[in-house]
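What follows is each chain in one-letter form.
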Amino acid sequence: EAEELIKKVESSKELDDIRVQLLGKKGKITDIMKGMKSLSNDERPVIGKLVNEIKSDITKLLEVRLKELSEKEKLERIENEFIDITLPSRKIGKGGYHPVTETQNLLKRIFTEMGFDIADGPEVEDTYYNFDALNIPETHSSRDLQDTFYIADDVVLRTHTSPVQIRYMKEHKPPFRMIATGRVYRSDYDVSHTPMFHQIEGLMIGENISFANLKAILTEFVKKVFGDTNVRFRPHFFPFTEPSAEMDVECVICKGKGCRLCKHTGWLEIMGCGMVDPEVLKEGGYDPKEVSGFAFGMGIERIAMLRHGIDDLRAFYDNDMRFLKQFKK
Ligand code: PHE
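Values in this document were obtained by computation on a predicted structure and should not be read as measured data.

**A look at a nonpolar patch on the surface**
And step 1. A cluster of nonpolar side chains, namely Ile32, Val46 and Ile47, defines an oily patch on the protein surface of about 240 Å² accessible area.
And step 2. Summarising the element assignment, isoleucine 47 is placed in helix α4 (residues 43-80).

**Concerning the nonpolar core**
And step 1. In this structure, Phe111, Phe221 and Phe296 are the most contacted members of the largest nonpolar core, which totals 45 residues.
And step 2. In terms of residue count, helix α8 (residues 211-226) provides more of this core than any other element does, seven residues in total.
And step 3. Discounting chain neighbours no more than four positions away, the residues touching phenylalanine 111 are Phe116, Ile179, Ile200, Ile217, Leu218, Phe221, Phe296 and Met298.
And step 4. Counting 23 residues, the second-largest nonpolar core is a separate cluster that includes Val156, Val164, Ile166 and Phe240.

**Here's the deal with the site of the ligand**
And step 1. Around the ligand, the surrounding shell holds 14 residues, and the nearest of these are His160, Ser162, Arg186, Gln199 and Gly297.
And step 2. The separation between a nitrogen atom of the ligand and a polar side-chain atom of histidine 160 is 3.0 Å.
And step 3. Here an oxygen atom of the ligand sits 3.0 Å away from a polar atom, N or O, in the side chain of glutamine 199.
And step 4. When the ligand is considered free in solution it has 330 Å² of accessible area, and contact with the protein chains removes 89% of it.
And step 5. Elements with a minimum of two residues in the shell around the ligand: β6 (196-206), β9 (267-276) and β10 (292-299).
And step 6. A per-element tally of the shell around the ligand places β10 first, with three residues.
And step 7. By residue class, the composition of the shell around the ligand is five nonpolar, seven polar and two charged.

**Quick look at the packing of aromatic side chains**
And step 1. Going through the model one piece at a time under the given rule, you end up with twelve aromatic pairs.
And step 2. Where phenylalanine 111 meets phenylalanine 221, the ring centres are 4.7 Å apart and the plane angle is 15°; that geometry is what we call stacked. Here phenylalanine 111, found in helix α5 (residues 99-113), pairs with phenylalanine 221, found in helix α8; they are 110 residues apart in sequence, far enough to count as distant. By the burial criterion, phenylalanine 111 is buried, and phenylalanine 221 matches it.
And step 3. Ring geometry for phenylalanine 294 and phenylalanine 296: centres 6.4 Å apart, planes at 25°, overall stacked. Across the pair, phenylalanine 296 and phenylalanine 294 agree in class, each one buried.
And step 4. Among the aromatic residues, ring-to-ring pairing joins Phe111, Phe116, Phe221, Phe294 and Phe296 into one connected group.
And step 5. Here arginine 167 stacks its cationic end above the ring of tyrosine 129, 4.0 Å away from the centre of that ring.

**As for the UniProt feature "domain: Aminoacyl-transfer RNA synthetases class-II family profile" (unreviewed entry) in the protein chain**
And step 1. Under the present numbering, the feature "domain: Aminoacyl-transfer RNA synthetases class-II family profile" (unreviewed entry) in UniProt falls on residues 96-306.
And step 2. Annotated as 27% helix and 33% strand, the span residues 96-306 places its first and last C-alpha atoms 20 Å apart.

**Side note on the sheet that holds strand β2 (residues 124-126)**
And step 1. Strand order in the open sheet formed by three strands is β2-β4-β3, and the pairing between neighbours is antiparallel. Of all strands in the sheet, those bounded by a partner on one side alone are β2 and β3 (150-152). Along the sheet, successive strands turn relative to each other by an average axial angle of 35°, direction set aside.
And step 2. Here β3 pairs with strand β4 (residues 155-157) via two bridges, running antiparallel. Residue alanine 152 lies in a different strand from β4, and its bridge partner there is valine 155.

**Side note on the pattern of salt bridges**
And step 1. Evaluated as defined, the whole model comprises 20 salt bridges.
And step 2. In this structure, glutamate 1 engages lysine 28 in a salt bridge whose closest nitrogen and oxygen atoms are separated by 2.6 Å. Highlighted residues: glutamate 1 in the segment before α1 (2-8) and lysine 28 in helix α3 (residues 28-34), separated in sequence by 27 residues.
And step 3. When the shortest N-O distance is used, the salt bridge between lysine 49 and glutamate 53 registers 3.9 Å. A residue pair is termed a helical-turn pair when its members lie 3 or 4 positions apart in one helix, as lysine 49 and glutamate 53 do in helix α4 at four residues.
And step 4. Of the residues examined, lysine 49 reaches a relative accessible area of 57% and is grouped as exposed.

Conventions and cut-offs
- Residues numbered from 1 in each chain as written.
- Predicted model: local features only at pLDDT ≥ 70, side-chain atom pairs only at ≥ 80, totals over all residues.
- Heavy atoms only, no water.
- Patch = residues over 30% accessible without salt bridge, like charges linked within 9 Å, V, L, I, M, F, W, Y side chains within 5 Å.
- Areas by Shrake-Rupley, 256 points an atom, 1.4 Å probe, with all protein chains shown as cover.
- Salt bridge = Lys/Arg side-chain N within 4 Å of Asp/Glu carboxyl O.
- Helix = DSSP H or I, 4+ residues; strand = E, 2+ residues; numbered from the N terminus.
- Core = buried A, V, L, I, M, F, W, Y, C linked by side-chain atoms within 4.5 Å.
- Buried < 20%, exposed > 50% of the residue type's maximum accessible area, 1.4 Å probe, protein only.
- Contact = heavy atoms within 4.5 Å.
- Near = heavy atom within 4 Å.
- Polar contact = N/O pair within 3.5 Å; in protein donor to acceptor, adjacent residues only side chain to side chain.
- Nonpolar A, V, L, I, M, F, W, Y, C, P; charged D, E, K, R; others polar.
- Phe/Tyr/Trp six-rings, centres within 6.5 Å; stacked < 30°, edge-to-face > 60°.
- Lys NZ or Arg CZ within 6 Å of the ring centre and 35° of its normal.
- UniProt positions renumbered as here; feature names shortened; annotations may be inferred.
- Pairing = 2+ DSSP bridges.
- Axes fitted to C-alpha atoms, helices over the stretch in contact; angles between N-to-C directions.

This is how it looks when you write it as structure tokens:
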């Protein structure tokens, strides 16, 4: 009966139950041993010997079966734990540059290739650097609370990157050429204005730097961004440059013929520029009789829109993945 039971068992756990059933304290063999005292003196040694033999037979059978089952269970475990290391791994999604960052990097590369140093300044700026030092009078409209985010009476979120001009001049001796990029803030919101946007500022100062140098550098810059495109300079006014100009490029859509993007003028304004005002040179610690220079500033979003044909500035900041994914390289 024991042999039959042990043969049929299919797991080491069940086998142990059977061991208890047969040899345990309340097991069958123990039962038989307990019944021994009711046997006669003649019978007892005979039955006793028989019981011991059966007990040792059962123990052997259990041992052999346990070995078999353990081996079988080990193989099953190995089979289940098998890892196929030749399977291809899961793809990890790769990010891409935001179109504004990508354009900013392009502009930085173009100017550094032309020998411009990269400078930096704070986004929370003193009114002195943002306005006063740049010759912007107290009454100038850009100081108006509607355009400028004030942090305190004399601290603002910078409204342009031009304050970096002053910070750089105070720490460097001419001749030099530098650019500064970063966030600027104005209280404005519609299809072409967001309260935060990016600018790139440029400043080149040395002996005999002229408007011809300004035109040469900026015309070359436009060629590198937009290819062989016509440009023009229109007279303009900025408190910190004299003379001042705005630079236009021929419309990238209609090639000068007139369309909605360029409001049928054939031209798109891309930056402000001019010769650094003598008052600003003095504020930077220079003598306007010894050195001269030019400066320019442009919106990076504007350039990114023209490069990629985007017609709503706000798309840059909606964070709609369908929009952003198009720029992944
Ligand atoms: N700071 C000006 C602006 O934000 C741009 C500019 C910079 C113009 C440098 C002239 C020289 O509009």
